[in-house]
Amino acid sequence: MKKVEAIIQPFKMEEVKEALKSLGVDGMTISEVRGHGRQKGHKEVYRGQEYTVDLLPKVKIEMVISDARLDEVTRALAGAARTGKIGDGKIFVYDVAEAIRIRNDDRGETAL
Amino acid sequence: MIEPSRTLSDAAAENQSAILQALEDRAAGAAAQAVRAFENVLAPAFPDRLALYAVGGFGRRELFPHSDVDLMLLADRIPDSPDEKAALSEFQRQLWDGRLRISLSVRLPADCKMIHEGNLEFNISLLDARFLAGAAGLDKTFRAQTPRFLQISGPDLARHLLRLVRQRYAKFHDTIYHLEPDVKESPGGIRDIHLVHWLSQLRPIEDLGDAALLEAARLFMFNLRNRLHEMSGRDNNLLNFDAQEALSDNPEAWMREYFRHARVISRAATRAVEAAEGSGGGLLASFRDWRSRLATSEFNVTRERILFRSAQSAVPDPALKLKLFEFAGRHGFKLSRSAELRVERAVPAIAELVASKPHWPYVRELFGLPNLSLALRAMHETGALKAFFPEWERIECLVTRDFYHRYTVDEHTLVTIETLEELARNKDPQRERFRALLEETDGLPLLRVALLLHDAGKGSGEDHSIASVRLASSRLKALGASEQERATVLFLIQRHLELSSLMTSRDLSDPAVTRAAADRIGTIEHLKLLTLLTYADISAVFPGALTPWRMEQLWRAYRAVADEFTRELDSDRIRTEQLNERTPAMANFLDGLPTRYLRIHTEDEIQAHFHLAEAVPIIGASIQISRGGAAFHLCVVTQDRPYLLAAIAGALASFGLNIVKADVFGNRHGLILDTFVFTDPLHNLDLNPSELDRLKGVIERAISGKIDVQKLLQGRPAGRKRPSRVEPTVLVDNAASETATLVHVTAEDAPGLLYRMASAISSLELNIEVVLLDTEAHRALDVFHITRTGHKLDDATAGTLRDMLLEACSV
């Protein structure tokens, strides 16, 4: 099993969700996060007041999937989240040791 | 798990009061069990040394199916021998085995005559103590000491009780209008019935409202809690959506009934709390009296509540009631109970009065007051709000099934308006940017009217934005709002979800997206109002809904569109082919003005400007000055020439006038249209009407170069020098516009500031294409679009200009 964690532009969330849904991936956790990548932040002046915009709003999507689905899922995710501009985000993939469904103690991929 | 069940409406058709018998029977059964176990186990082990009491709800004979059975054992000393402890354990075991969920405490008589600050529930539970069995001597002591204890410690007990009430209300954000309320703990729930009961025991309360209504509400809540316990098989008091559906075929209508009852209870609780608060003679009460010492010929304020000064008159005077709401909104106090009652009785007369003639001037004034939300709450509670806005009835207590919303529609609406008042007071640096928008706008009354009506169309089955616009449109017309005001309010209602959707689902870095949004929104003023509306609307969904993340997103959306408005000014010009429907002369006048010009001016203003333009002499200018509220409006149309802006600004400064807003636009034929809003802090123009003509003359001569503005200004006495609170900043932006260099200046607003800046720009032989001037409190916020021989500035010139402007701001 793999855990896929994607940091994407907020406005791409619906598109990404739809793309994943069309692959049959329904289970995911979504959080509102703030951060920056290589482009770092910048200072903005508004009405003479300086604001540091070093943490930009992003959306984090996390899901655990079977190894076999990794390729199609990451491809769909990246395809839906891409604008081609700086700030499109990143996808991270981790190995998952175990999954347990709390309700009935299902283990492994059946728990997904 | 909710089981399908008979609906509560069926039960309502039967005798509601049967519930009291059921609760009492249950209490009697539990009492019999407890007494039996006591006689079997404890009486032999503690001969004449223990008394058994039912306390809390059990003491009141109100035992719900899965409520705890609260018992107290009064002992002459703490039982500590092994035999005594074993007997107590056996007593509890027998009751548990008998399936009674008991909660037992063992106390000495001395415990019962002191306040337990950390366990006030114990003190309170004693108010309902009922002797069941055991040592008569102990009970005699208890009965003798309790009234004395209440007499001495009653006020203290009440004070602690009120603290607990405030904590409980805070958990529910001080409102009864939760979509999924807790029928026991929510404000307006059963705990509030107990509160009234306890406070009445501590001190008689004169007026709790209609006793029959209160009793009906009590029975409704008791029935409801009983059903919730039966349905869920446990002590569950949460009236969630599932439960609402199980209890009624028409949950939305039925929830309105729930809120009606909860409101009766909540009002009684409020009156009991106010009576208890009023009885304290301590420092706090004196402070509050002092703070609220305020009186007019019609009203006075006592203990932070407004009262009518005159005695009750036989004829209801609706106009006086309207003044009462204005008084509440201005000074920020709630109505006293007596004032509320008088308003309630006058509601039909108020409705008649409002219907008899357009009341827009009153509404506009009211909606501009600092504490509008208090006035609206008072109008809502007394029913007077519906006299002004009959649409309000549609959303009163209206439940919408929505994953995010936590309040009924009316409550959500009132919270949006409170949110903006809270923003005005909030010092949180993260919110400062939004607070600045609030301070900058003079459209607050219209924004608040839009908020009041933005969800009026909910529950109609169609797109609620459209339905709300339709309802608001006819209401504003009936009230007599002007066409322009109506247009602003309806725009805000129609577009109230625009920024939410922009900030979450659109790419703000895409110029096409922000461009399209700017086109839809129209003007920067609309954008500011819409941003504030979105801020309030999201915040009022549930506490904490406007997370820092969402706040940042909303701000980014605002900035992206605002930048679009600034950027477009010099590049987006009116083209003749857009002007087919205009006369050739008018088209000639409009040709090349910024597109924004058509959006920010009404047709009447455009016509007035055109007539001024037609009258422009070859040398000199067409000038018009008019009065609008507290400010003056100056419009100057003339041929472009060097130092033009400096001349006008200098002439105004030489009269001690203070420029608060200005737009400077040019058309393609070298005609310049300058509009200024200025104030007259020294009241020169007010006191000497002839000065207005002299001002016109000076402006004209300054423009024509017949007088030297600098000399005029030298003749003026220097104003009192105020230490600058704003560090001046000059930001030169060569990227924002395709055709001009944008210079953003922020500085402490001061007399002659614009004159100095305009002079500095002209002295470098630069051309001012467009100027937007704004003032926020004492801060001047100016944007100049500047070119040199038709091009953007090079870096060296930009640097020199920046230095000169900084110097101009620092004088």
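Everything numeric here is computed off the predicted structure, so don't read it as measured data.

As a further point, take the overall build of chain A. The number of helices and strands found in chain A is two helices and six strands. When the helices and strands of chain A are listed from N to C terminus, the series reads β-α-β-β-β-β-α-β. Relative to its 112 residues, chain A shows a buried fraction of 18%. Counting contacts in chain A only where the partners sit at least 6 residues apart, residues at least 24 apart contribute 74% of the total.

Here we come to the sheet that holds strand 6 (residues 299-302) of chain B. Residues and elements named next belong to chain B. Ordered by their spatial adjacency, four strands build an open sheet running 5-6-7-8, and the pairing between neighbours is mixed. A single partner strand is all that each edge strand has here, and the edge strands are strand 5 (294-295) and strand 8 (334-335). With two bridges connecting them, strand 5 and strand 6 associate as antiparallel partners. If you follow L294 over to strand 6, its bridge partner there is V301. Contacts between helix 12 (residues 318-331) and the sheet are confined to strand 5, strand 6, strand 7 (305-308) and strand 8, with strand 7 contributing the most and set at about 155 degrees to the helix.

All names here are of chain B. Read from one edge to the other, the open sheet built from four strands follows the order 3-2-1-4, with strand pairing classed as mixed. Two strands bound the open sheet, and with one partner strand each, they are strand 3 (102-107) and strand 4 (130-134). On average, each strand axis in the sheet is inclined to that of its neighbour by 25 degrees, with strand direction left out of account. Of the pairings in the sheet, the one linking strand 1 (residues 50-54) to strand 2 (residues 69-75) comprises five bridges and is antiparallel in character. Of the residues in strand 2, the one forming a bridge with Y53 is M72. Those strands touched by helix 2 (residues 18-45) are strand 1, strand 2 and strand 4, and its axis lies near 35 degrees from that of strand 4.

Let us now look at the interface of chain B and chain A. Counting residues at the interface gives 16 residues for chain B, matched by twelve residues for chain A. Looking at the side of chain B that touches chain A, the elements that each hand over two or more residues are helix 19 (432-440), helix 23 (498-505), helix 26 (548-571) and strand 13 (729-733) of chain B. Considering every element that reaches the side of chain B that touches chain A, the biggest residue donor is helix 26 of chain B, with three residues. Here the residues of the side of chain B that touches chain A are counted per class, giving five nonpolar, seven polar and four charged.

All names here are of chain B. In the Ramachandran plot, D48 falls in the positive-phi region, its phi being about 55 degrees despite a non-glycine side chain. Looking at the element boundaries, D48 is found in the loop between helix 2 and strand 1. For C397, which is not glycine, the phi dihedral falls at a positive 60 degrees. Within the secondary structure, C397 is located in the loop between helix 17 (392-395) and helix 18 (409-425).

Residues and elements named next belong to chain B. As a packed pair, helix 23 and helix 25 (residues 524-539) sit with axes 8 Å apart at the nearest point and diverge in direction by 80 degrees. On the basis of their axis angle, the class for helix 23 and helix 25 is roughly perpendicular. The residues of helix 25 that touch helix 23, namely those facing E498, L499 and S500, are L530, T531, T534 and I538. The residue inventory of the contact of helix 23 with helix 25, partitioned by class, reads three nonpolar, three polar and one charged.

Turning our attention to the pairing of strand 1 of chain B. All names here are of chain B. Among the five residues of strand 1, five are classified as buried, and the element is accordingly described as predominantly covered. Of the two faces of strand 1, both are covered, the one formed by L50, L52 and A54 as well as the one formed by A51 and Y53. As paired strands, strand 1 and strand 4 are joined by four bridges and run antiparallel to one another. Paired with A51 across the bridge in strand 4 is G134.

This paragraph deals with helix 21 (residues 464-479) of chain B. Residues and elements named next belong to chain B. The terminal C-alpha atoms of helix 21 lie 22 Å apart, and with 16 residues this matches the ideal 22 Å at 1.5 Å per residue to within 8%. Of the residues making up helix 21, those classed as buried are H464, A467, S468, V469, L471, A472, R475, L476 and L479. Looking at the packing, one finds that the buried side of helix 21 touches helix 14 (360-366), helix 20 (444-453) and helix 22 (483-494). Once helix 21 ends, the next one or two residues include G480, with phi positive near 95 degrees.

Moving on: the packing of helix 20 of chain B against helix 22 of chain B. Describing two packed helices takes the angle between their axes plus the distance from one axis to the other. Residues and elements named next belong to chain B. Where helix 20 meets helix 22, the axes come as close as 9 Å, and the angle between the chain directions of the two elements is 45 degrees. It follows from the interaxial angle that helix 20 and helix 22 lie oblique. Relative to helix 22, the crossing made by helix 20 is right-handed. Contact with helix 20, carried on its side by L446, L447, V449, A450 and L453, involves E485, T488, V489, L492 and I493 of helix 22 and no other residues of that element. Broken down by class, the residue content of the contact of helix 20 with helix 22 amounts to eight nonpolar, one polar and one charged.

Residue and element names in this part refer to chain B. Note that K792 resides in the loop between strand 16 (779-787) and helix 35 (795-810). The partly exposed category is assigned to K792, around which 19 C-beta atoms lie within 10 Å. Placed 26 residues apart in sequence, K792 and L766 show a C-alpha to C-alpha distance of 10.0 Å.

Time to look at the confidence of the model for chain B. Residues and elements named next belong to chain B. Per-residue pLDDT for chain B averages 88, and the proportion of residues at 70 or more is 94%. Confidence, read as mean pLDDT per element, is least for helix 1 (residues 8-13) in chain B (49) and greatest for helix 20 (97). Overall, residues 1-7 carries pLDDT values under 50, and its contacts beyond four positions in sequence, including any with other chains, amount to 13 contacts. The ipTM value of the predicted complex is 0.81, and its pTM value is 0.78.

Each value, and the rule that gives it
- Residues numbered from 1 in each chain as written.
- Chains lettered and ligands numbered in written order.
- Predicted model: local features only at pLDDT ≥ 70, side-chain atom pairs only at ≥ 80, totals over all residues.
- Helix = DSSP H or I, 4+ residues; strand = E, 2+ residues; numbered from the N terminus.
- Buried ≥ 20, exposed ≤ 12 C-beta atoms within 10 Å, placed from the backbone.
- Contact = placed C-beta atoms within 7 Å.
- Pairing = 2+ DSSP bridges.
- Axes fitted to C-alpha atoms, helices over the stretch in contact; angles between N-to-C directions.
- Nonpolar A, V, L, I, M, F, W, Y, C, P; charged D, E, K, R; others polar.
- Parallel < 35°, antiparallel > 145°, perpendicular 65-115°, else oblique.
- Expected span 1.5 Å × (residues − 1).
- Left-handed = near helix turned anticlockwise from the far one by under 90°.
- pLDDT = per-residue confidence, 0-100.

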